[in-house]
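Residues per chain are reported as follows:
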Amino acid sequence: MVKIKTLFIHLVLFLAIFLVDQVVLILPLFVSSVLYFLAQKKYNFFLIAGVYSLCLGSEIYFYAYSLILVIHLILTKKTFQNIYVLKISRLLLLFIGYLFLSYIVQLFYNYSLLSFPLFFVTFLSPMGVLLFLGKLNKTNYSKEYIFQQILHIAIAQAIIALLLQAIPTGIGAILKRPTLGDVVVGTTGDPTDLSILMIFSVLPFLIDFKRGNLKIIIILVFFIVMMVLNDSKTHLYALLLVSICTWLINRFFINKSLITKSLFIVSAATLSVFALNYVSDFTQRVESKYGDYISGRYDAKSRYYQYTFSLDTRPFTQYVFGTGPGTNGTRAANALAYDVMYKKDNTVQLPGFIPPSSSRFTKDYISGLFTEEYAESSNFRSAVLGNPFNSICALFVEFGIVGFFLFFLFLFQCIKNSIQLKNNTLSKIILFSVLTNIVVSFLDQTFETPMPMHFMYFFIGLGLTEKHFSDAFSRL
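Here we summarise the structure given alongside this text. Source: prediction; values computed, not measured.

Here is what the cut-offs are and how they apply
Residues numbered from 1 in each chain as written. Predicted model: local features only at pLDDT ≥ 70, side-chain atom pairs only at ≥ 80, totals over all residues. Heavy atoms only, no water. Helix = DSSP H or I, 4+ residues; strand = E, 2+ residues; numbered from the N terminus. Buried < 20%, exposed > 50% of the residue type's maximum accessible area, 1.4 Å probe, protein only. Contact = heavy atoms within 4.5 Å. Areas by Shrake-Rupley, 256 points an atom, 1.4 Å probe, with all protein chains shown as cover. Core = buried A, V, L, I, M, F, W, Y, C linked by side-chain atoms within 4.5 Å. Axes fitted to C-alpha atoms, helices over the stretch in contact; angles between N-to-C directions. Left-handed = near helix turned anticlockwise from the far one by under 90°. Salt bridge = Lys/Arg side-chain N within 4 Å of Asp/Glu carboxyl O. Polar contact = N/O pair within 3.5 Å; in protein donor to acceptor, adjacent residues only side chain to side chain. Expected span 1.5 Å × (residues − 1). Arc of directions from axis to C-beta.

## A closer look at the overall build of the protein
No. 1: A count of helices and strands for the protein gives 22 helices and 0 strands.
No. 2: For the protein, the proportion of its 476 residues judged to be buried stands at 49%.
No. 3: Within the protein, counting contacts between residues at least 6 apart in sequence, those at least 24 apart form 77% of the total.
No. 4: About 23,100 Å² of surface is accessible on the protein, with carbon and sulfur atoms providing 67% of the total.

Structure representation (structure tokens):
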């Protein structure tokens, strides 16, 4: 499973990246390598380069990779032979068409000219890997080889994080003060990204676990230790919840008879009724522990939810059809709203020649939630629980009810096609990745964060390709 030579190569590469850490030097090398792999049809290396783009310390690499993918998809003459990706692409085209139309409409009352282009880069371009895989034949790449390489990449990242970041900071100091774990990132640039990389790298081997496989147990324990050190509690809780739900759905619902499905639904409903007796006690405990985030001094996210779903904060037409992509709450919108939104010094900012553009909703509601004073208080509170950023609110405001429905219909179709896979390992991974992103999206901007987005669309693309060819084979 783990090859020392392969691990050593990844370690050397990441160590060089760790020491150089200069975008102007690394970016040209990365882009030229990606273009070479694509031109030479070395698709294994090209897909692995996508994972590398997430581990280079800056999101510029990932968006460069995603845009290369999109340009390739536009220029290539090869059409989708994969019937499942073809169906998904039609739904995706409808969704993008709707967003572009709402963008045109908002130009007449808000005039945020760059909102859609920036939104396309940050939200839509990562979907390119799904469509790219839909144009490949299974013989063009080795799924097993790619999984092996991703695992080696994650181990290399964890080793660098341990030896060059956790130990110099002090294991004891980190355990006493968890916020110090923010430095335990490897070369990914973010502790949560490192955790997500480790989770998805080991997941295929855990689902397809074979007895006596001691190596994968040792790797899993090592990864859990690193996740504790970099303080990724929120995502760990979400992953635990999704793991339980995924297991229950797979065990009692997928490919089961109508009687079994009915019994599962009845049992779940019955347990929910009995569980109501404990809701009051649980609510009191939550209020006691997280009261500051619900209605206290750190309630910016809570108020963001109130503003998002209130009919009084924007015209009813915007509530139904949205304010337009990249206008309120998404990363594209927040980047453009630098005239009213506070920006930390370490936050990626747009060049000064790009004029700011803030919508009425952002000016009236969001800007007042994230002030300099509130942003600087994140050293003493949970940024995930307190900061007024998350995908659910942002997408609901920008897409409206109609666009919000279309996006989740797209995800539902991906899951629906994937759970019918004969390859149960991929089916579970896809269900796990989509559900995890949905759960975390209530707290964070997971649908605009490169690491979880890329893995979700990557696994969906693999699954739909697998389903197409397995179904085609069964019809012979």
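Anyway, onward from the coordinates.
## Focus: the environment of Tyr305
No. 1: By the element assignment, Tyr305 lies in helix H14 (residues 300-309).
No. 2: Residue classification places Tyr305 among the partly exposed positions, given a relative accessible area of 22%.
No. 3: It is 9.8 Å that separates the C-alpha atoms of Tyr305 and Phe389, two residues lying 84 residues apart in sequence.
No. 4: If we ignore the near neighbours within four places in the chain, the residues touching Tyr305 are Asn390, Ile392, Cys393 and Phe442.

## A closer look at the nonpolar core
No. 1: Within the largest apolar cluster, 106 residues are counted, with the highest numbers of intra-cluster contacts made by Phe407 and Phe410.
No. 2: It is helix H8 (residues 143-169) that provides the largest number of residues to this core, a total of 12 residues.
No. 3: For Phe407, the residues in contact, after removing those within four places along its chain, are Phe95, Phe123, Met127, Leu395, Phe399, Phe447 and Tyr457.
No. 4: Counting residues in hydrophobic clusters, the runner-up holds 16 residues, among them Ala300, Met341, Phe370 and Cys393.

## A look at the packing of helix H10 (residues 191-207) against helix H21 (residues 424-440)
No. 1: Between H10 and H21, the shortest axis-to-axis distance is 9 Å and the interhelical angle comes to 145 degrees. Considering the relative orientation of H10 and H21, their crossing is right-handed. Where H10 approaches H21, its residues Ile199, Phe200, Leu203, Pro204 and Ile207 are matched on the opposing element by Thr425, Lys428, Ile429, Phe432 and Ser433.

## Quick look at the pattern of salt bridges
No. 1: In the structure shown here, the tally under the stated rule is 4 salt bridges.
No. 2: With a shortest N-O distance of 2.7 Å, Arg331 and Glu59 are connected by a salt bridge. One end of the pair, Arg331, is in helix H16 (residues 331-336); the other, Glu59, is in helix H4 (residues 59-75), with 272 residues separating them in the sequence.
No. 3: Judged by its relative accessible area of 26%, Arg331 falls in the partly exposed class.
No. 4: Residue classification places Glu59 among the partly exposed residues on the basis of a relative accessible area of 31%.
No. 5: Between Arg360 and Asp364 there is a salt bridge whose closest N-O contact spans 3.4 Å. Here Arg360 pairs with Asp364, and both are found in helix H17 (residues 360-366), just 4 residues apart, close to one helical turn.
No. 6: On the accessibility criterion, Arg360 (55% relative accessible area) is exposed.

## Things to note about unusual backbone geometry
No. 1: The backbone of Lys41 shows a phi angle near 55 degrees, a positive value even though the residue is not glycine.
No. 2: You can call Lys41 exposed: its relative accessible area is 58%.
No. 3: Positive phi outside glycine occurs at Tyr111, with the angle close to 50 degrees.
No. 4: The class for Tyr111 is exposed, based on a relative accessible area of 52%.

## Regarding the side chain of Asn328
No. 1: Secondary-structure assignment places Asn328 in the loop between helix H15 (316-321) and H16.
No. 2: Judged by relative accessible area, Asn328 falls into the buried class, the value being 1%.
No. 3: Side chain to side chain, Asn328 and Thr323 meet in a polar contact 2.8 Å long.
No. 4: Here Thr327 takes part through its side chain, which lies 3.5 Å from a polar atom of the side chain of Asn328.

## A few points about helix H1 (residues 4-20)
No. 1: With 17 residues, H1 extends 24 Å from end C-alpha to end C-alpha; this agrees with the ideal 24 Å at 1.5 Å per step.
No. 2: All of the buried residues in H1 are Thr6, Leu7, His10, Phe14 and Ile17. All buried residues of H1 fall inside an arc of 95 degrees around its axis, so they share one side. Turned more than 90 degrees from where H1 packs its buried face, Ile4, Lys5, Phe8 and Leu19 sit exposed.

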